[in-house]
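The residues making up each chain are set out below.
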Amino acid sequence: MFTSQTSSFQESIDVDERDVDFDNEEIAGYSQKIQQINSYYAIYYYQNTSLTLLDASLPSEAEPELRSYISRRLSRGALLGGMGNIATVELSIPEQAVGCYCCLLEQEKSPEQPEADGNGWVVCLLGGSEKGLNLFRIELDKYVQGLQGVLTPEMQNLETDVRPYLNQWYEESVMHIHRVVQLLQTNVGYLLHAALSHKLVEVTGADEKTKADVARFIKAASLQGLVQEDTTTASLCKAISEDSNTNLIINCSTSPPTITNEVSNRFCDDWIQAFVNAAERFNPFLLRQILENFKLKAIQDMNNLKRFIRQAEMSHYALFRCCLFLQSCGNGDVLLQNARAEHSSLPEAYGIINVLEEFLGEQAQGTLY
């Protein structure tokens, strides 16, 4: 049983870059340190089924090709207001085929401008691959929605607001995980553990961008909203966060940053090298896939523990298997912490969790967690 579990765990860490970016031309050379992926943008005003180019960073020969593609999508009703759509497009650019995120931002309707009904702006963000961009769909949706309040048909603020904003889409929406791993290097395991265990993270001696990057990393690595009975998990998070003595503190005034109240476990430590290697290859899409695999493995282990606890209510042998599982997974502290919160109203299960905590504590004073 535990041999297959170990094999599954290794497979989850060993992410093939082809699993992230299907375009072989794009991933060629990722085995060495590479330059940042080229990124582009285009924004159009959409009115009466016609598209008017407002601005683009694409080569002049590629922009009409993109406009033709967008027109076809609009004619088929494939772009819905406020919902991003990601696909692969072939354009006259060095990469030839790239991932393209498109979103239609509808113009606000008003009685004074009834002719504006159905009009709006089409924002296109291009770079990497289709599958790579899909990993950052939530970030891309949020970033494009940030334009909603500054867009006008006349675009008087193109130079001051819109163009600088669109120029930064790749840095702001895709590269934040990469920046955090580069900052922390092998200390990233402490951040992963903090995310799983709902520990608050304080960043000192850093600019606002770095603080925001760390906060977004924590949110991306957290399991909140992905595990059952999230209300009890949220209660656990609140209880832990009230204890300021347990906060993970990252002091960026030193190089490398100084970490205080650092806690990790074997499960988080096993993922460190995968993150560091992907950062060295400058592949943010691979980094995000590794992060998603990390979360998936943690959820699988949580579900396994729940199943073992249910079985242990009826069998002493199942209780023994539960102990073996917690020892082998390397994430016992986090799993038991979440299990305690989720089973707080179930006396029998709660009692089993107490036994498991006592047993593991007596065995190795936490070192087997």
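Throughout what follows, the structure given in this document is the object of discussion. Predicted model, so just to flag it, every value in this text is computed and none were measured.

It is worth spelling out the packing of helix α8 (residues 176-184) against helix α13 (residues 284-312) at this point. Taken N-terminus to C-terminus, the directions of α8 and α13 make an angle of 80°; their axes are 8 Å apart at the nearest point. By the angle class used here, α8 and α13 are roughly perpendicular. Where α8 approaches α13, its residues H176, I177, H178 and V181 are matched on the opposing element by L287, R288 and L291. Among the residues making up the contact of α8 with α13, the classes are represented as four nonpolar, two polar and one charged.

Another aspect to go through is the pairing of strand β7 (residues 248-251). On β7, burial follows the alternation: L248 and I250 on one face are buried, whereas I249 and N251 on the facing-out side are not. The sheet contact formed by strand β6 (residues 201-204) and β7 spans four bridges and is parallel. Bridging across to β7, E202 finds its partner in I249. Bridge analysis of β7 against strand β8 (residues 258-260) gives three bridges, and the strand direction is antiparallel. Among the inter-strand pairings, N251 is bridged to a residue of β8, identified as T258. Hairpin connection, β7 to β8: the antiparallel pair is bridged by six residues.

Pairing in this open sheet of five strands is antiparallel, and the strands run β2-β1-β5-β4-β3 from one edge to the other. Here the strands that pair on one side only, and so sit at the sheet edges, are β2 (50-56) and β3 (85-90). In this sheet, adjacent strand axes meet at a mean angle of 30° when their direction is disregarded. Summarising the sheet, strand β1 (residues 39-47) and β2 pair through six bridges and their orientation is antiparallel. Opposite Y44, over in β2, you have L53 as the bridge partner. The sheet contacts of helix α6 (residues 158-167) involve β1, β2 and β5 (120-127), and relative to β1 the element is tilted by about 130°.

Bringing the packing of aromatic side chains into the picture now. For the coordinates displayed, the defined rule picks out nine aromatic pairs. Judged by centre distance (5.6 Å) and plane angle (90°), the ring pair of W169 and Y170 falls under edge-to-face. Each member of the pair W169 and Y170 is classed as buried. Summarising the aromatic geometry, the rings of W271 and F294 are spaced 5.6 Å apart at their centres and angled 85° between planes, so their arrangement reads as edge-to-face. Here W271, found in helix α12 (residues 266-280), pairs with F294, found in helix α13; they are 23 residues apart in sequence, far enough to count as distant. For W271, a relative accessible area of 0% gives the class buried. Judged by relative accessible area, F294 falls into the buried class, the value being 0%. Every member of this aromatic cluster is reached through a ring pair, and the members are F267, W271 and F294. Here the basic side chain of R288 rests over the ring of F136, its NZ or CZ set 5.0 Å away from the ring centre.

Scoring rules and cut-offs
- Residues numbered from 1 in each chain as written.
- Predicted model: local features only at pLDDT ≥ 70, side-chain atom pairs only at ≥ 80, totals over all residues.
- Heavy atoms only, no water.
- Axes fitted to C-alpha atoms, helices over the stretch in contact; angles between N-to-C directions.
- Helix = DSSP H or I, 4+ residues; strand = E, 2+ residues; numbered from the N terminus.
- Parallel < 35°, antiparallel > 145°, perpendicular 65-115°, else oblique.
- Contact = heavy atoms within 4.5 Å.
- Nonpolar A, V, L, I, M, F, W, Y, C, P; charged D, E, K, R; others polar.
- Buried < 20%, exposed > 50% of the residue type's maximum accessible area, 1.4 Å probe, protein only.
- Pairing = 2+ DSSP bridges.
- Phe/Tyr/Trp six-rings, centres within 6.5 Å; stacked < 30°, edge-to-face > 60°.
- Lys NZ or Arg CZ within 6 Å of the ring centre and 35° of its normal.

In short, geometric facts, not functional conclusions.
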